[in-house]
Amino acid sequence: MPKYIFVTGGVVSSLGKGIAAAAIGALLEANGLKVTLQKLDPYINVDPGTLSPFQHGEVFVTDDGAETDLDLGHYERFTSIRTSQANNYTTGRIYYNVITKERQGDYLGETVQVVPHITDEIKRAIRSANNGYDVVIVEIGGTIGDIESLPFLEAIRQFRYDVGRENVLYIHLTLIPYIRSAGELKTKPTQHSVKEYREIGIQPDILLCRTDRLLPSDIKKKIAIHCNLDEDAVITARDVDTIYEVPIIFHNEGLDHLVGKRLKLDLHEPDLTLWKDIVRKLKEPLNEVNIAIVGKYTGLKDSYKSLIEALTHGGIANDTKVNLQWIDSEMVYAQGPDRFLTEADGILVPGGFGYRGIEGKLKAIRFAREKKIPYFGICLGMQCAVIEFARNVCGLSANSTEFDINTKEPVIYLMEKWYDFRKGRIEFRSEDSYKGGTMRLGAYPCVLEDNTHAFRSYGRKEISERHRHRYEFNNAYRNILTKHGMKISGMSPDGELVEIIEIEDHPWFLGCQFHPEFKSRPTDPHPLFKAFIEASLKEKRSLFPYLEVGVQDKK
């Protein structure tokens with residue numbers, strides 16, 4: 001039977017439960033255990049696929065096509081797992097399953113209630129992720145006191161009785177604020193959060209106390225007394241310069257040893273050499289580049305969480321600090337690209353939906369193409385690159401039917417019929433299709449052309465990448481685009497779906513229909529991000545060759 005660790009949060013949201021859970025997973029993996037992680041979200045949407053990025057941040061996509069919470073990205077970046085549908089459940093999905101069973105007659109004669117039917121369904125969801133693992137780490141979304149999360153908390157309270165006390169551990173993440181005017185750390189918010197947790201029926205076994213400094217022993221002792229814990233169960237979760245330092249901080253605090261003791265796991269001293277090397281490269285890089293991200297969700301950085309991390313990983317691979325310049329595409333349209341992009345060593349246009357901000361992105365892409373600045377377009381960023389090239393190089397009045405349904409030259413359009421290699425069947429869709437879960441989602445194969453940036457980056461002919469989009473490259477325009485210098489460097493195996501485009505007369509200009517950021521890890525940076533940062537670094541050195549001297553001296 002696997003061991004279960006439940007991670008909850010109190011006081012305020014955004015304390016970093018996902019990173020804490022992922023870091024614990026990293027430490028347990030470093031001890032040779034097989035670990036998986038799961039996120040239970042209290043909102044009623046079946047999945048976050050139809051939520052605005054401003055509401056919920058990024059939608060993370062798994063190989064099997066699940067649209068999930070962004071914390072699953074942390075799970076994959078910190079551990080070796082590849083997540084799936086079983087790793088993320090919402091209130092909406094739980095209730096949907098229960099109501100479907102009720103309609104099918106599974107509960108004939110019963111009054112369907114939150115307890116036991118909803119809580120039993122939650123427990124089934126937790127068990128669905130446990131096959132073949134030593135430890136299952138389950139993060140509960142929201143904070144203690146939220147009405148939406150009560151069924152999940154009741155379910156995990158019951159879970160200890162179902163599987164045995166020695167097989168369950170409750171870890172609670174709280175905030176210890178420092179009041180500058182008083183010069184004191186305040187423990188009362190944590191005390192109240194634990195009090196409310198205990199009123200639900202759960203006594204936390206370990207407290208992770210988020211703070212900006214190490215907690216002195218007297219503060220730890222005070223927290224332990226008021227929260228009915230041993231002093232060594234009060235762990236400092238202090239702020240760090242990079243999230244990849246969290247496993248090291250937790251280990252230094254003895255968290256992995258404590259988890260092993262409470263769950264009777266045979267743990268040894270973990271080898272954290274790789275994590276220490278990653279942190280060194282992030283804190284003491286040999287090089288530095290400026291990357292401009294031209295998007296329309298720049299007001300909330302969590303909208304691009306995996307993208308930010310993948311760029312950081314590309315920097316790790318090149319021993320380079322990546323400075324991100326967030327550029328609102330609407331501002332580029334209004335004021336022109338020169339004002340915002342002249343200092344950029346590389347330009348990236350990420351994914352997105354809808355017409356707002358598109359013309360600004362097109363201006364930024366034209367700037368990158370004409371000024372020979374390394375360009376990386378992801379999903380919508382690739383589609384915009386095709387539109388820009390068709391307009392300004394091929395002379396077409398081009399657009400996407402997503403932005404103009406009546407466009408005369410639909411170089412990007414809604415493909416209504418295609419062969420799904422993952423599902424092994426023909427898929428259909430139309431403008432009237434449901435919005436939720438109807439995109440081309442999940443991992444699809446791609447075949448690369450020789451002598452291209454894509455092939456040189458990956459170093460192999462066949463790849464698989466995750467998708468999340470509805471609109472595709474229109475093959476009716478393939479000939480005219482390639483005739484003017486666009487190269488199709490990646491295609492689906494049947495030659496129907498264009499996956500990667502490049503421009504021949506350019507140092508490094510690449511757009512991909514998929515989202516490579518979802519598969520990047522600090523321990524294994526994605527090939528395209530590695531190549532993009534390398535090209536951007538080369539661009540910077542070509543403009544400022546004297547920088548080479550400083551790099552060599554530092555080496």
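Residues numbered from 1 in each chain as written. Predicted model: local features only at pLDDT ≥ 70, side-chain atom pairs only at ≥ 80, totals over all residues. Heavy atoms only, no water.

**Here we look at the sheet that holds strand S2 (residues 35-41)**
Alright, step 1. Strand order in the open sheet formed by seven strands is S5-S2-S6-S1-S7-S10-S11, with parallel pairing between adjacent strands. The sheet is open, and its two borders are formed by strand S5 (88-90) and strand S11 (234-238), each paired with just one other strand. For this sheet the average axis-to-axis angle between neighbouring strands, irrespective of direction, equals 20 degrees.
Alright, step 2. Note that S2 and strand S6 (residues 135-140) share six bridges and pair parallel. Opposite Leu37, over in S6, you have Ile137 as the bridge partner.
Alright, step 3. Contacts from helix H1 (residues 17-30) reach strand S1 (3-9), S2, S6, strand S7 (168-175) and strand S10 (206-211) within the one sheet, and its direction differs from that of S6 by about 170 degrees.
Alright, step 4. Contacting S1, S7, S10 and S11, helix H10 (residues 255-263) crosses the sheet at an angle of about 145 degrees to S7. (Pairing = 2+ DSSP bridges. Helix = DSSP H or I, 4+ residues; strand = E, 2+ residues; numbered from the N terminus. Axes fitted to C-alpha atoms, helices over the stretch in contact; angles between N-to-C directions. Contact = heavy atoms within 4.5 Å.)

**Things to note about the sheet that holds strand S20 (residues 440-448)**
Alright, step 1. Strand order across the open sheet formed by nine strands is S13-S12-S14-S15-S25-S24-S23-S20-S21, with mixed pairing between neighbours. Each edge of the sheet is formed by a strand with only one pairing partner; in this case those strands are strand S13 (320-328) and strand S21 (462-469). Each adjacent strand pair in this sheet contributes to an overall mean axis angle of 25 degrees, direction not counted.
Alright, step 2. Where strand S12 (residues 287-295) meets strand S14 (residues 346-349), three bridges bridge the pair, whose relative direction is parallel. What sits directly across from Ile293, in S14, is Leu348.
Alright, step 3. The sheet contacts of helix H16 (residues 380-392) involve S14, strand S15 (375-378), strand S23 (486-491), strand S24 (498-503) and strand S25 (509-512), and relative to S15 the element is tilted by about 115 degrees.

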